[in-house]
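Letter by letter, the chains look like this.
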Amino acid sequence: TIAQLLTHTAGLGNNVLFKPKTGLNGTSTHQDYLRLFLDDGVTEEPGGEAAYSNDGYVLLGALIEKLSGLDFREHCRRTIFDPLGMTSTGFSAPDDIVPNLAIPYVRDLYRPGVWRSALGADAMPGGAFGGGYSTVADLCRFGRGMLANQLLTPEWSKTWTQGRVAFRGEQYGFGVQVSSINGHQIIGHTGGHSGVAGELLIAPDLGY
């Protein structure tokens, strides 16, 4: 179900980022991404424990494209980024030239003290599973928009951010992690890959 995909309980794997990316570019749709792992089948019975699944979010992205008639990235721009004024947020392919975009670096595994670019030739263009870029200011705009119910009605915002399944010592909602720090609810998500990391934490009752 959609709820299972959102909460990582659909039983799908987490393999899409490790598949050969031959033929993918910045115009590839999530239907194109699906072909990378569509024949893998499920790894667990749907409805079980949460197991992080980028594959499931590729499927959600493909569903959004089918229902909206838009590329996932364009759908996000029209419905989230533009309305909230997030002018420095988007998705890019590895060979795109994006103004002011930081380039990820990692330590070379075989040459001590040597750095190398983490932009591998087979890196995947960003999408519903991750790989977006943003700024601190834009992430704050997103957080404020969420708290002000600019994205969804108050009822749907509550549905979105409610903890539903146990996940890594916390709770997972419909695409967000839900935890408690010093008695305050924290809603957000972390993300990362080779040479990059990001985190957005929102404390609704504190307004932060």
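Going by the structure above, here's the rest.
Keep in mind it's a predicted model, so treat the numbers as computed, not measured.

## Re helix α6 (residues 154–161)
Thinking step 1. Among all positions of α6, only S157, W160 and T161 are buried. One face of α6 carries all of its buried residues, which in axial projection span an arc of 80°. Looking at α6, the residues exposed on the side facing more than 90 degrees away from the buried face are E155, W156 and K158.

## Structural notes on the side chain of S157
Thinking step 1. The topology assignment puts S157 in helix α6.
Thinking step 2. Contact partners of S157, with chain neighbours within four places excluded, come to M146, N149 and L152.

## Structural notes on the pattern of salt bridges
Thinking step 1. Per the stated rule, a full pass over the model turns up eight salt bridges.
Thinking step 2. With a shortest N-O distance of 3.0 Å, D71 and R73 are connected by a salt bridge.
Thinking step 3. The partly exposed category is assigned to D71, whose relative accessible area is 26%.
Thinking step 4. With a relative accessible area of 12%, R73 lands in the buried category.
Thinking step 5. One salt bridge in this structure joins E74 and R77, with 2.5 Å as the shortest N-O distance. Linking E74 with R77, this pair stays in helix α4 (residues 72–84), spanning three residues, or about one helical turn.
Thinking step 6. Since its relative accessible area comes to 22%, E74 is described here as partly exposed.
Thinking step 7. Accessibility expressed as a relative area gives 34% for R77, which makes it partly exposed.

The rules we used
Residues numbered from 1 in each chain as written. Predicted model: local features only at pLDDT ≥ 70, side-chain atom pairs only at ≥ 80, totals over all residues. Heavy atoms only, no water. Buried < 20%, exposed > 50% of the residue type's maximum accessible area, 1.4 Å probe, protein only. Helix = DSSP H or I, 4+ residues; strand = E, 2+ residues; numbered from the N terminus. Arc of directions from axis to C-beta. Contact = heavy atoms within 4.5 Å. Salt bridge = Lys/Arg side-chain N within 4 Å of Asp/Glu carboxyl O.

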